[in-house]
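Here is how the chains run, residue by residue.
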Amino acid sequence: GGGSPPPPPGGPVIPPAQFAPPHPRPPPTAPPRPPPPGGGGAATLSKGEKSMSNIGLFYVGAVLIVNGVMLLGWLTPRAAAPLNLFVGAMQVITPTYLVMTSGGDPQAILGASALYLFGFTYLWVGINALADLPGHGLGWFSLFVAVFAAGHGIDSLRADAPVFGVIWLSWAVLWTLFFLLLGLDRTGLGPITGALAAVEGVLTAALPAWLLLHDGIEESWAVALGGLVGGTVLVALVRRWSAPLRARLVPAAA
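Since this is a predicted model, take the numbers as computed values, not measurements.

Engineer: I'd love a proper account of the nonpolar core, names of residues and values included.
Structural biologist: Grouped together as the largest cluster of nonpolar side chains are 33 residues, with contacts concentrated most on Phe118, Tyr122, Trp171, Leu174 and Trp175. Taken together, the elements giving at least two residues each to this core come down to helix H1 (47-71), helix H3 (106-131), helix H4 (136-158), helix H5 (162-183), helix H6 (190-213) and helix H7 (221-249). Top element by residues in this core is H5. It accounts for ten residues. When neighbours within four sequence positions are excluded, Trp175 is seen to be in contact with Leu64, Phe118, Thr121, Tyr122, Ser142, Val145 and Ala146.

Engineer: Residue-level account of the packing of aromatic side chains, with values.
Structural biologist: Each pair of aromatic rings is reported with the distance of its centres and the angle of its planes. Counted by the stated rule, this structure contains twelve aromatic pairs. With centroids separated by 5.6 Å and ring planes inclined at 85°, the aromatic side chains of Phe58 and Tyr59 adopt a geometry described as edge-to-face. The interplanar angle of 25° and the centroid separation of 6.3 Å between the aromatic rings of Phe141 and Phe144 together place this pair among those described as stacked. Taken as a pair, Phe141 and Phe144 lie in helix H4 at a separation of three residues, close to a single helical turn. You can call Phe141 buried: its relative accessible area is 16%. A relative accessible area of 52% means that Phe144 is categorised as exposed. Of the aromatic side chains, those joined through ring pairs into one cluster are Phe118, Tyr122, Phe148, Trp168, Trp171, Trp175 and Phe178. Between Arg240 and the ring centre of Trp241, over which it is positioned, the NZ or CZ distance is 4.6 Å.

Engineer: I'd like a description of the side chain of Thr204, backed by residues and values.
Structural biologist: Along the chain, the position of Thr204 falls in helix H6. You can call Thr204 buried: its relative accessible area is 7%. A polar contact of 2.8 Å, which involves the side chain of Thr204, links it to the side chain of Trp171. Looking at Thr204, its side chain comes within polar contact range of the main-chain oxygen of Glu200, at 2.6 Å. The contacts of Thr204, once residues within four sequence positions are left out, are Leu57, Ile167, Ser170 and Trp171.

Engineer: Residue-level account of a nonpolar patch on the surface, with values.
Structural biologist: A cluster of nonpolar residues, Trp74, Leu75, Val229, Val233, Leu234, Leu237, Trp241, Leu245 and Leu249, forms a patch on the protein surface that exposes about 830 Å² of accessible area. Inspection of the secondary structure puts Leu237 in helix H7.

Engineer: Report on the environment of Ala206, specifying residues and quantitative values.
Structural biologist: One can find Ala206 in helix H6. Taking the relative accessible area as the measure of exposure, Ala206 reaches 16% and is therefore buried. If near-sequence neighbours (up to four positions away) are discounted, Ala206 is found in contact with Leu57, Phe58, Gly61 and Gly201.

Engineer: Can you lay out the environment of Leu237 for me, pointing to particular residues and giving the numbers?
Structural biologist: Residue Leu237 is classed as partly exposed on the basis of its relative accessible area of 44%. For the pair formed by Leu237 and Ala195, sequence separation is 42 residues and the distance between their alpha carbons is 8.6 Å.

Engineer: Could you give an account of the packing of helix H2 (residues 77-100) against H3, with specific residues and numbers?
Structural biologist: Running from N to C, H2 and H3 point in directions that differ by 155°, and their axes come no closer than 7 Å. With respect to their mutual orientation, H2 and H3 come out roughly antiparallel. In this structure, H2 meets H3 at a crossing whose hand is left-handed. Here the contact of H2 with H3 is built from residues that sort into 19 nonpolar, seven polar and one charged.

Engineer: Can you explain the layout of surface pockets? Please cite residues and give values.
Structural biologist: Over the atoms a probe the size of a water molecule is rolled, and this reveals where empty space is left. Put simply, the second largest pocket is a space of about 540 Å³. Looking at the lining of the second largest pocket, the elements with two or more residues in it are H1, H2, H3, H4 and H5. The dominant element in the lining of the second largest pocket, judged by the number of residues it contributes, is H3, at five residues. A breakdown of the residues in the lining of the second largest pocket according to their chemical character gives twelve nonpolar, seven polar and three charged.

Engineer: Describe H4, listing the residues and the values that go with them.
Structural biologist: Relative to the 33 Å expected for 23 residues at 1.5 Å per residue, H4 spans 34 Å between its end C-alpha atoms, a close match to the ideal helical length. Taken residue by residue, H4 has Leu138, Gly139, Phe141, Ser142, Val145, Ala146, Ala149, His152, Gly153 and Ser156 as its buried positions. Residues of H4 that are buried make contact with H3 and H5. Backbone geometry just downstream of H4 places Asp160 in the positive-phi region, at approximately 60°.

Criteria and cut-off values
Residues numbered from 1 in each chain as written. Predicted model: local features only at pLDDT ≥ 70, side-chain atom pairs only at ≥ 80, totals over all residues. Heavy atoms only, no water. Core = buried A, V, L, I, M, F, W, Y, C linked by side-chain atoms within 4.5 Å. Buried < 20%, exposed > 50% of the residue type's maximum accessible area, 1.4 Å probe, protein only. Helix = DSSP H or I, 4+ residues; strand = E, 2+ residues; numbered from the N terminus. Contact = heavy atoms within 4.5 Å. Phe/Tyr/Trp six-rings, centres within 6.5 Å; stacked < 30°, edge-to-face > 60°. Lys NZ or Arg CZ within 6 Å of the ring centre and 35° of its normal. Polar contact = N/O pair within 3.5 Å; in protein donor to acceptor, adjacent residues only side chain to side chain. Patch = residues over 30% accessible without salt bridge, like charges linked within 9 Å, V, L, I, M, F, W, Y side chains within 5 Å. Areas by Shrake-Rupley, 256 points an atom, 1.4 Å probe, with all protein chains shown as cover. Salt bridge = Lys/Arg side-chain N within 4 Å of Asp/Glu carboxyl O. Axes fitted to C-alpha atoms, helices over the stretch in contact; angles between N-to-C directions. Parallel < 35°, antiparallel > 145°, perpendicular 65-115°, else oblique. Left-handed = near helix turned anticlockwise from the far one by under 90°. Nonpolar A, V, L, I, M, F, W, Y, C, P; charged D, E, K, R; others polar. 1 Å grid on protein atoms, 1.4 Å probe; cavity = no way out; pocket = protein on both sides within 12 Å on 5 of 7 lines; lining within 4 Å. Points joined across faces, edges and corners; volume = space filled by probe spheres on them. Expected span 1.5 Å × (residues − 1).

Right under this line is the structure:
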């Protein structure tokens, strides 16, 4: 005959008459199921890694506020450059660490990859300001970021995460304005872009990060729509009162 099959590695030798392979052994451990779409890998991150991401989001709020104030004319680009470089470096180092410790998990890698888009944006802003470079390249890169953010927002809504869906879509709108302002030289959009950046720095970054660090965020349509309406009102108020306040408090810049 063709002989008996070889014995299993490390196991006892089974006589040919007794050999029967009707049911293969299951693997000792089954691979974990991937997190649901739109989760960004959060389900696979440790508590410390989640805290790293949330701290990064908190300082993204700070840099968005500073950049908004700059676009409203309260700061020069060079004055805003250091914080952009600090936060940009953080948003490149953090996802690199998360990717290296992800164990190859695709959802964790996808979630970390989004951070690079914003890290590169802030590094580019800081470098442009210090080197006095034109902003057209950054503007076109912002269009790329906007498209990615819109896709992530739609995925979040489909995954029944309306708060972060609205946050991602808000970022898509803001980065679209960056594209129009910098890439296409629509300078008249500077004030509204600055007002939106400052408000989003609070409502879509600093506040959510603070709540996440305290385990207090609530995913619901009521919260998402309330934040959207409140943010729209704040943008209008900041846009309306920024110039008069600046003229009164900083006369030399008026």
